[in-house]
Amino acid sequence: MHRRRRTALLLSAAIVAAPLLTACGNDAHPGAAAVVGGQRITVSQLENRVSEVRTAQRAAVPDEAAYVQVIAKSGTLPRDVLHNLVLDEVLHKAAKDADVSVTRKEIQQMRADLEGQAGGAKALETAWLQQYGIPPQRLDENLRLQLEAQKLATVLGTDTGKPAFWNALAAASKQLDIDVNPRYGTWDVQKSSRADAKTPWVREVTAAGAQPAM
């Protein structure tokens, strides 16, 4: 495994709030899985994103018995996907507040580096799907997330494991006034994570590789 440079992979287990949270289907946000910065993430949108993952998993695992095992191991997928959707907005807000931006060229370069380490584009897509629940069509979006985190940490003079980075995300979470449907868990502002998530969403990986560091 290559260990030249390390970067934070911003993901939850499979992979997805603030003060008191509203109830499922309440009058304020009917049909919303979450409201972030006044913008709704609808249940329908969430279900579509979950379907993308399931479709990719099914295509990658044609054996029925194996697919059943994959489903069993990712039973919290809707919550994990929502976690990522909310987290994406939190990180983007924190990055924007710090005047951090990511270019298309930077995403392409990171992808090329990762593909080189993984053994090609298909191998990288398979690795991201199997390890993190990211379907191929969402890979570039996720790489943007990784780069925003790296650059935000650099601007803050810290890294993604230090309080300064997490404090920036906590501040963004508070400003966005995140309201998650309890059906999908709760959101811990200070940790910028689902409060009931069993696996941290930050995983260390090599900057040019697709495998988590041990």
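Note that the structure is predicted; figures quoted are calculated from it, not measured.

The rules behind each value
- Residues numbered from 1 in each chain as written.
- Predicted model: local features only at pLDDT ≥ 70, side-chain atom pairs only at ≥ 80, totals over all residues.
- Heavy atoms only, no water.
- Axes fitted to C-alpha atoms, helices over the stretch in contact; angles between N-to-C directions.
- Helix = DSSP H or I, 4+ residues; strand = E, 2+ residues; numbered from the N terminus.
- Parallel < 35°, antiparallel > 145°, perpendicular 65-115°, else oblique.
- Contact = heavy atoms within 4.5 Å.
- Nonpolar A, V, L, I, M, F, W, Y, C, P; charged D, E, K, R; others polar.
- Pairing = 2+ DSSP bridges.
- Polar contact = N/O pair within 3.5 Å; in protein donor to acceptor, adjacent residues only side chain to side chain.
- Salt bridge = Lys/Arg side-chain N within 4 Å of Asp/Glu carboxyl O.

A. Here's a closer look at the packing of helix α4 (residues 104–118) against helix α6 (residues 139–155). The N-to-C vectors of α4 and α6 enclose an angle of 105°; their axes lie 9 Å apart at closest approach. If you check the angle between α4 and α6, you find them roughly perpendicular. Listed contacts from α6 to R104, E106, I107, M110, R111 and L114 of α4 are L139, D140, L143, R144, Q146, L147, Q150 and K151. Its residues placed into classes, the contact of α4 with α6 shows six nonpolar, two polar and six charged.

B. Quick peek at the sheet that holds strand β4 (residues 179–180). Ordered by their spatial adjacency, three strands build an open sheet running β3-β2-β4, and the pairing between neighbours is antiparallel. Two strands close off the open sheet at either side, each with one partner strand: β3 (39–42) and β4. Bridge count for strand β2 (residues 32–36) against β4 is two bridges, and the pairing is antiparallel. Residue pairing for β4: V35 is matched across the bridge by D179. Against the sheet, helix α3 (residues 77–97) engages β2, β3 and β4, with an angle of about 15° to β2.

C. Geometry of the side chain of R138. Of note, R138 is situated in the loop between α5 (121–132) and α6. A polar atom in the side chain of R138 sits 2.7 Å from the side chain of E141. Dropping the residues within four chain positions of it, R138 is found in contact with R49 and E52.

D. Just the pattern of salt bridges, in detail. According to the stated counting rule, one finds 14 salt bridges in the structure shown. Put simply, K151 and E106 hold a salt bridge, and the shortest N to O gap is 3.0 Å. Here E106 lies in helix α4 and K151 lies in helix α6, a separation of 45 residues in the sequence. Note that K162 and D159 form a salt bridge whose closest N and O atoms lie 3.7 Å from each other.

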